[in-house]
Amino acid sequence: MLLIRMNTVKAIYPGTFDPPTNGHLDLIERGAKIVDHLVVAILRNSSKGEPLFTTAERAAMLTECVKPFGNVSVATFDGLLVDFARQEGARALLRGIRAISDYEYEFQMAMMNRKLAPELETIFMMPAEKYTYVSSRLIKGVYRLGGDVAELIPPLVLERLASKRGAVAPEGTGVDLVEGSPGDD
Ligand code: PNS
């Protein structure tokens, strides 16, 4: 007897993506290989302060970046991630772990999400070694100081960063090389 499994897996890859980095794209590529559909979900109401890029700008950049993948889409969400995941009919959340320092924050978040939605699994993946130190915060900080970040972000993000010159981390916006904290994307 031929048994056809219609059991597709949709996963959500949430974050602030301000801006998207090659580390994010690396994770998207890995995630897209193991699930049927991956939704890159941009948090609209981030508590990280005023973002450099608007939600619409981040969505536009990510949409362009994920074009090569046939099974990845981009969305935005507000409120609880688990509510968005349920609304999307997702069965898993995808998160990246770069180093041990990410672990504690990610573990807490995964456990809280499990408490809120036991049916959702969190999948952790590691980006390529060459991106293990890359975060959106560091990119903005280094770029602000004139450093070369071209190998660490998609070319179109570099272009958009250049168009924000002057707005990239003016003093006091928290984009600071020494004030990173676990969970910095
Ligand atoms: O990659 P980031 O920027 O650290 O992403 C953090 C994000 C968006 C995954 C997290 O802040 C989140 O899920 N926010 C939505 C609110 C929520 O569900 N909070 C409870 C999670 S414990």
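Preceding this paragraph is the structure being described.
In this report, the structure presented in the accompanying data block is examined. Residue positions are counted from 1 within each chain, in the order its sequence is given. Per-residue local features of the predicted model are confined to residues with pLDDT of at least 70, and side-chain atom pairs are confined, for both listing and counting, to 80 or more; whole-chain, interface and lining totals are unaffected and use all residues. For the side-chain quantities, the full set of heavy atoms in the structure was used; hydrogens and water were omitted.

1. Points about helix 5 (residues 136-144)
In an α-helix, one turn spans 3.6 residues; hence positions three or four apart end up facing the same way. The buried label applies to any residue whose accessible area, calculated with a 1.4 Å probe on protein chains only, is under 20% of its type's maximum; exposed applies above 50%, and partly exposed to all values in between. For helices the rule is a DSSP run of H or I covering at least 4 residues; for strands it is a run of E covering at least 2, with both sets numbered from the N terminus onward. All of the buried residues in helix 5 are Ser136, Ile139, Lys140, Gly141 and Tyr143. In the stretch just after helix 5, glycine 146 is the one whose phi turns positive, near 90°.

2. Observations regarding the packing of aromatic side chains
Any pair of Phe, Tyr and Trp rings, taking the six-membered ring for Trp, is counted once the centres come within 6.5 Å. Such a pair is stacked with planes under 30 degrees apart, edge-to-face with planes over 60 apart, and tilted for the rest. Overall, the coordinates contain three aromatic pairs when judged by the stated rule. Relative to phenylalanine 17, the ring of tyrosine 13 has its centre 5.3 Å away and its plane inclined at 75°; by these criteria the two rings are edge-to-face.

3. A short note on the sheet that holds strand 5 (residues 121-125)
Within the open sheet, the five strands sit side by side as 3-2-1-4-5. Their pairing is parallel. Looking at which strands have only one partner, the edges of the open sheet turn out to be strand 3 (72-77) and strand 5. The average angle at which neighbouring strand axes cross in this sheet is 30°, direction not considered. Here a strand pair is declared whenever DSSP counts at least two bridges between the two strands. Relative to strand 2 (residues 37-43), strand 1 (residues 10-15) is paired through six bridges, and the arrangement is parallel. Looking at the pairing, glycine 15 lines up with isoleucine 42 of strand 2. Where helices are involved, their axes are fitted lines through C-alpha atoms of the stretch in contact, as for all axes, and angles between N-to-C directions lie from 0 to 180°.

4. Let's talk about the side chain of asparagine 71
For asparagine 71, the position within the fold is in the loop between helix 2 (55-65) and strand 3. Its relative accessible area of 18% is what places asparagine 71 among the buried residues. The contact criterion used throughout is that any non-hydrogen atoms of two residues lie within 4.5 Å. Each residue touching asparagine 71, except ones within four places of it in the same chain, is listed here: Ala32, Val35, Asp36, His37 and Leu38.

5. Let's talk about unusual backbone geometry
Following aspartate 18, the chain continues to proline 19 via a peptide bond in cis, the omega torsion being 5°. By the element assignment, proline 19 lies in the loop between strand 1 and helix 1 (22-34). With a phi close to 50°, phenylalanine 17 is a non-glycine residue in the positive phi region. You can see phenylalanine 17 is positioned in the loop between strand 1 and helix 1. Classification of phenylalanine 17 by relative accessible area gives buried; the value is 1%.

By themselves, these are just geometric observations and shouldn't be taken as functional.
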